[in-house]
Every structure is written in structure tokens, then in C-alpha cells.
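# A structural walkthrough
Spelled out from the first residue to the last, the chains are:
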Amino acid sequence: MPQIELLHPDHSPALLTFERENRAYFAATIPDRGDDFFARFDDHLRDRLAEQESGTCYFHVVTGPEGDVLGRINLVDVADGGADLGYRIAERAAGRGLATWAVRELCRTAAADYGLTVLRAGTTLDNAASRAVLARTGFTVVGERQFSGRPGLTYRRALTP
């Protein structure tokens with residue numbers, strides 16, 4: 001059974017492996033993190049943990065039974081009862097409902113543990129899998145937006161405690 005865990009420094013090796021193994025897969029549908037992300041991974045992780053400590057973001061990993069990272073699911077720009085949701089699931093775990101499960105779980109956590117009342121999300125039009133996950137988990141389309149020059153949609157979901 002997978003678990004969602006709040007990001008902590010011990011996740012570093014498994015998280016870097018996850019990012020490296022899935023880089024090309026992710027880049028097909030979302031902007032690539034770039035070489036600097038991998039070259040300075042420890043610095044980036046330290047920065048994310050500092051953001052988390054300040055309460056402006058909550059970063060999570062989806063782990064498998066062996067502690068391997070199967071995905072990331074994050075709440076960023078936390079303010080005024082809302083946050084932006086972002087997630088990515090490993091290629092080897094895609095297509096099995098893991099993203100849908102993780103989004104539903106994080107919606108519960110966002111309301112119950114972080115006191116949030118609304119989540120926002122967005123995805124490109126060509127990312128049918130993410131559009132389906134957002135629809136299945138109660139997000140509704142609220143607008144259009146460009147993501148790194150690619151057309152996309154923005155979504156919103158109200159949360160209840």
C-alpha cells in the first residue's frame with residue numbers, strides 16, 4: 001500500500017533517483033527541471049524544506065512498500081486558505097490510479113491538517129492523464145492559461161474539513 005509522507009531530508013537519495021529515472025517521461029508533458037536542478041539537487045531540497053518550515057509550501061512524496069519514491073504531490077503558494085496543487089507520478093506507477101488516490105488523500109490532508117479551504121491546479125491540454133485525474137477528484141475548470149508556451153486549463157476545488 002502506498003503512503004504519502006511529508007518531505008524530509010531522509011527522502012533525498014530516493015527522491016533524486018525518482019527524478020533522474022523519470023526525467024524524460026515528465027518532460028514529455030511538463031516543463032523539464034533543467035540540468036541545474038540535478039547538479040544542485042541538495043541545494044534545491046534544502047530550499048524546499050525551508051519553504052515547508054515557513055508554512056508557505058507543503059511537499060510530499062508518495063512512497064511504495066520498499067520506501068521507493070513513486071511520486072511527488074505538493075501544495076505551494078499557501079496563503080489565505082488556499083494553495084496550488086502539483087503532482088507527478090513515476091512512469092512505472094502510472095495508469096494504475098495512484099495519482100487519483102494521492103490527489104484525493106492530499107485534498108483530505110490539506111483541509112484537515114493544513115486548514116485549507118480551496119486548491120488550485122493547472123495542466124496543459126495535451127496532458128490528458130492529469131486532466132482526467134483532476135476531473136475525477138472534484139476539480140472544475142475555471143479558466144485557460146499558457147504553461148511554458150503550451151495551452152492549458154486552470155482548475156479549482158473547494159475543500160471541506
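As a convention, each chain's residues are numbered from 1 in the sequence order in which they are written. For a predicted model such as this one, the threshold for reporting local features is a pLDDT of at least 70, and the threshold for listing and counting side-chain atom pairs is 80 or more; totals across whole chains, interfaces and linings nevertheless cover every residue. The basis for every side-chain value is the complete set of heavy atoms in the structure, and neither hydrogens nor water enter the calculation.

### Some remarks on the pairing of strand β5 (residues 118-124)
- Under the scheme applied here, a residue whose accessible area is under 20% of the maximum for its type counts as buried, over 50% as exposed, and between as partly exposed, the area being computed with a 1.4 Å probe on protein chains only. Under the scheme used here, helices are H or I runs from DSSP no shorter than 4 residues and strands are E runs no shorter than 2 residues, and both carry numbers assigned from the N terminus. Buried residues dominate β5, accounting for 5 of its 7 residues.
- The definition of a right-handed crossover adopted here requires that, viewed with the strands pointing away, the path from the first strand over the helix to the second runs clockwise. A crossover connection joins strand β4 (residues 82-89) to the parallel β5 through helix α5 (residues 98-112); in handedness this β-α-β unit is right-handed.
- Two strands qualify as a pair provided that DSSP identifies no fewer than 2 bridges between them. With 7 bridges joining them, β5 and strand β7 (residues 150-158) adopt antiparallel strand pairing. Bridged to Ala121 within β7 is Tyr155.

### A word on the layout of surface pockets
- Approximately 1,400 Å³ is the volume attributed to the largest pocket.
- Grid points spaced at 1 Å and placed over the protein atoms alone form the basis of the search, with a cavity being a set where a 1.4 Å probe fits but cannot get out and a pocket an open set showing protein on both sides within 12 Å along at least five of seven lines. Lining residues have an atom within 4 Å of a point. Considering the residues around the largest pocket, the lining is formed by 49 residues, among which Ile30, Gly86, Tyr87, Arg88 and Gly122 are closest to the centre.
- Note that Gly is not counted as nonpolar here; it falls among the polar residues with everything else outside the nonpolar set of Ala, Val, Leu, Ile, Met, Phe, Trp, Tyr, Cys and Pro and the charged set of Asp, Glu, Lys and Arg. In terms of residue class, the lining of the largest pocket is made up of 25 nonpolar, 15 polar and 9 charged. Grid points are joined across faces, edges and corners, and a volume is the space filled by probe spheres set on the points.

### Notes on empty space enclosed by the protein
- Counted according to the given criterion, the structure contains 1 cavity of 30 Å³ or more.
- Roughly 50 Å³ of volume is contained in the largest cavity.
- Around the largest cavity, the lining residues are Glu19, Arg23, Phe26, Ala27, Ile30, Pro31, Asp32, Arg33, Phe38 and Arg88.
- The element that contributes the greatest number of residues to the lining of the largest cavity is helix α2 (residues 23-27), accounting for 3 residues.
- Considered class by class, the residues forming the lining of the largest cavity number 5 nonpolar, no polar and 5 charged.

### Considering the packing of aromatic side chains
- Two rings belonging to Phe, Tyr or Trp (six-membered ring only in the last case) form a pair when the distance between their centres is within 6.5 Å. Interplanar angles under 30 degrees mark stacking, angles over 60 mark edge-to-face geometry, and anything in between is tilted. Per the stated rule, a full pass over the model turns up 5 aromatic pairs.
- Both rings, one in Tyr25 and one in Phe26, keep their centres 5.7 Å apart while their planes meet at 45 degrees; by these two values the pair is tilted.
- The class of Tyr25 is partly exposed, set by a relative accessible area of 31%.
- Charge-over-ring placement is defined geometrically: NZ (Lys) or CZ (Arg) within 6 Å of the ring centre, and within 35 degrees of the ring normal. When the ring centre of Phe37 is taken as reference, the NZ or CZ atom of Arg33 above it lies at 4.7 Å.

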